[in-house]
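Residues per chain are reported as follows:
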Amino acid sequence: MKLTDLNRHGEIGANSMFAQIGPFNILVDSGLNPKALGYDALPDFEPIEDLDLDLIILTHCHLDHLGSMPVVTAHNPTTPVITSAPNELLAPRMLRNSINVMKRQREEHGIAEYPLFLHRDVAQFSKQIVVQRFGRGEIYFKENETIEVILHPAGHVAGAAAVEFIYNDRRIVFSGDVLFDAQRTLPGAHLPKGPIDTLILETTRGAKGRESGHSRASEVDQLIDKIGSILDRGGSCLIPVFALGRMQELFKIIYEARNLGSLPDSPIFAAGLGMAVCDNFDKIRRRTQLIDFDISMLEKMNVKSPEPKMRPGRDLAKKGIYLVSSGMMVEHTPSYKIAASLLPHQLFCSFPHFIIG
Ligand SMILES: [Zn+2]
């Protein structure tokens, strides 16, 4: 196997791996770098420019893995894009939103090449998707050779898959973003057992272990305590969240805490792309049973949209919990506007969420 990392800046960015396994040209993911603008946000496609891809794999729908897929499929219009059932639903939604963001950035920053793809390119990408069930192998042929492709649940976010290739009895596994802990909305990763010949593991911690004393459960408890204390003294909480995965997880955490009596009832306001993703999560639960997210929970908590008129420095019309995307608090997004309203007040930052009260 020859492996080429197409992520030009390293770190979290335009994640994309080009694997040549025997005669097979395979691309695993094609992201968009959230910290770069214009063509610089794309992976470096030069090594795959003059060849035809045989297989494209989409591990999951965070934009740093998905964001430039339509550029790749526009150049490889007959190559199957192998992915899980939830991703078939989530990917077009995320990509269409990305077009709107790029159009806005074109105006604001004068980036002539934006958007990097159009709605028809997203439609073409969707047409090429081949859904594969977790744990079930599919065999692909080229020049009298075969390769088997198996997807495995990777935890992390709805639809996330690790991919295993079996070629000439050798097992090669790409983990994608992987999380072994169970979350409120989905179980942890379930990766293949037995000897693996080559493992390509994505990790933000490298070989370092976790700091002791910090667990997912203790972080959640701390978050609930902090929200509770802000609400008790009549404040509002802004929780900026990533639209895909984190918003739905937070809804469940808040819902369960209220049912247990560890969080007082208070108005909840929510907005942004994350709300559309909530609808998709409910559909995915009903269709696949791969995740646990029931949209009726939002109705039970009487979740509303924030008041449309917000001015920097002027208090929010209503106190409560504001759960809004985008998680990066980019200018003009709901989370940015609400933060501007809350700014004169005391500010707490609590990893991994920012809370302003
Ligand atoms: Zn991810």
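What counts, and at which threshold
Counting restarts for each chain, with residues numbered from 1 along the sequence as it is written. Note on the predicted model: pLDDT of at least 70 is required for a residue's local features to be given, and 80 or more for side-chain atom pairs to be given and counted; whole-chain, interface and lining totals, by contrast, use all residues. Only hydrogens and water are set aside when side-chain values are computed; all heavy atoms of the structure are taken into account. The donor set comprises N, O and S atoms within 2.8 Å of the metal, extended to 3.2 Å for Na, K and Ca; water molecules are omitted, so apparent gaps in a site may simply reflect that omission. Any coordination sphere not matching a tetrahedral pattern (four donors, all angles between 85 and 135 degrees) or a square planar or octahedral pattern (four or six donors, opposite donors over 155 degrees apart, other angles between 65 and 115) is reported as irregular. Buried means the residue's accessible area, taken with a 1.4 Å probe over protein chains only, is under 20% of the maximum for its type, while exposed means over 50%, and partly exposed covers the values in between. Pairing between strands is defined by DSSP: at least two bridges between the two strands are required. Counting from the N terminus, the helices are DSSP H or I runs at least four residues long and the strands are E runs at least two residues long. Axis definition: a line fit to C-alpha positions, over the contact stretch in the case of helices; interaxial angles, taken between N-to-C directions, run 0 to 180 degrees. Here a Phe, Tyr or Trp ring, Trp counted by its six-membered ring, pairs with any other such ring whose centre lies within 6.5 Å, and the pair is stacked when the planes are under 30 degrees apart, edge-to-face when over 60, and tilted otherwise. Residues are said to line a cavity or pocket when one of their atoms sits within 4 Å of a point; the points come from a 1 Å grid over protein atoms alone, cavities being sets where a 1.4 Å probe fits but cannot get out and pockets being open sets with protein on both sides within 12 Å along at least five of seven lines. Grid points are joined across faces, edges and corners, and a volume is the space filled by probe spheres set on the points. The nonpolar class holds Ala, Val, Leu, Ile, Met, Phe, Trp, Tyr, Cys and Pro. Asp, Glu, Lys and Arg form the charged class, and all remaining residues, Gly among them, are polar. Orientation labels follow simple angle bins: below 35 degrees gives roughly parallel, above 145 gives roughly antiparallel, 65 to 115 gives roughly perpendicular, and whatever is left gives oblique. Whether two residues are in contact is decided by their heavy atoms, any of which lying within 4.5 Å being enough. Predictor confidence is given residue by residue as pLDDT, running from a minimum of 0 to a maximum of 100. Throughout the structure description, domain borders are defined by an automatic or database domain assignment. What counts as buried area is the accessible surface, traced by a 1.4 Å probe, that two parts surrender upon association, with contributions from both included. A pair is scored as a salt bridge if a Lys or Arg side-chain nitrogen falls within 4 Å of a carboxyl oxygen belonging to Asp or Glu. Here a crossing is called left-handed whenever its near helix is offset anticlockwise from the far helix by less than a right angle, and right-handed whenever the offset is clockwise.

(A) Looking closely at the coordination of the zinc ion. Distances from the zinc ion to its protein donors, His60 (NE2), His62 (ND1), His156 (NE2) and Asp177 (OD), fall within 2.1 to 2.4 Å. Around the zinc ion, the 4 donor atoms are arranged such that angles at the metal cover 90 to 170°; this shape is classified as irregular. Mapping the donors of the zinc ion onto the primary sequence yields the spacing H-x1-H-x93-H-x20-D. Assigned by exposure class, His60 and His62 land together as buried.

(B) Quick look at the sheet that holds strand β4 (residues 55–57). Spatial strand order, β1-β2-β3-β4-β5-β6: 6 strands in an open sheet with mixed pairing. What marks the edges here is a single partner per strand, and that holds for β1 (2–5) and β6 (129–131). Strand after strand, the sheet turns through a mean of 25° between neighbouring axes, direction not considered. Examined bridge by bridge, strand β3 (residues 24–28) and β4 share 3 bridges and lie parallel to one another. Paired with Ile26 across the strands is Leu55, a residue of β4.

(C) Highlighting the packing of aromatic side chains. Under the definition given, this model contains 4 aromatic pairs. Relative to Tyr322, the ring of Phe269 lies with its centre 4.7 Å away and its plane at 20°, an arrangement referred to as stacked. Separated by 53 residues along the polypeptide, Phe269 in strand β13 (residues 268–271) and Tyr322 in strand β14 (residues 321–324) bring together distant segments of the chain. In terms of burial, Phe269 and Tyr322 fall into one category: buried. Aromatic pair Phe281 and Phe293: ring centres 5.9 Å apart, planes at 90°, arrangement edge-to-face.

(D) Up close: the layout of surface pockets. Estimated volume of the second largest pocket: approximately 210 Å³. Taken together, Arg8, Tyr39, Leu42, Pro43, Phe45, Ile48, Glu49, Val71, Val72, His75 and Asn76 make up the lining of the second largest pocket. Of the residues in the lining of the second largest pocket, the class split is 7 nonpolar, 2 polar and 2 charged.

(E) View of the packing of helix α6 (residues 246–260) against helix α7 (residues 273–288). At a closest axis distance of 9 Å, the pairing of α6 and α7 adopts a crossing angle of 75°. Here α6 lies roughly perpendicular to α7, going by the angle between them. Contacts from Met247, Gln248 and Phe251 in α6 reach Gly274, Met275, Val277, Cys278 and Phe281 in α7. Residue classes in the contact of α6 with α7 are distributed as 6 nonpolar, 2 polar and no charged.

(F) Structural view of the confidence of the model for the chain. Mean pLDDT for the chain: 90, with 95% of residues reaching 70 or above. A low-confidence stretch, residues 350–354 stays under pLDDT 50, and its non-local contacts, those more than four residues away or across chains, total 12 contacts.

(G) Representation of the domain arrangement of the chain. By domain assignment, the chain separates into domain 1 (2–200) and domain 2 (216–356). The C-alpha-based centres of domain 1 and domain 2 are spaced at 29 Å. Each partner contributes to the roughly 2,100 Å² buried at the junction of domain 1 and domain 2, and carbon and sulfur atoms together form 68% of this total. Taken as a group, Leu89, Arg184 and Thr185 account for 35% of the area that domain 1 buries against domain 2, more than any other trio of residues on that side. Seen at the junction of domain 1 and domain 2, the total is 1 salt bridge.

(H) The sheet that holds strand β11 (residues 198–200), seen in detail. Spatial strand order, β7-β8-β9-β10-β11: 5 strands in an open sheet with mixed pairing. Because the sheet does not close on itself, it has two edges, and the strands there are β7 (138–142) and β11. Each adjacent strand pair in this sheet contributes to an overall mean axis angle of 20°, direction not counted. Two strands pair when backbone bridges link them, and strand β9 (residues 161–167) and strand β10 (residues 170–174) are joined in this way by 5 bridges, in the antiparallel orientation. Directly across from Tyr167, in β10, lies its bridge partner Arg170.

(I) Geometry of the packing of helix α5 (residues 216–232) against α6. Contact geometry of α5 with α6 gives a least axis separation of 11 Å together with a crossing angle of 70°. Relative to α6, the element α5 lies roughly perpendicular. In the packing of α5 onto α6, the handedness of the crossing is right-handed. On α6, the residues that touch Arg216, Val220, Leu223 and Ile224 of α5 are Glu249, Leu250, Ile253 and Ala257. Among the residues making up the contact of α5 with α6, the classes are represented as 6 nonpolar, no polar and 2 charged.

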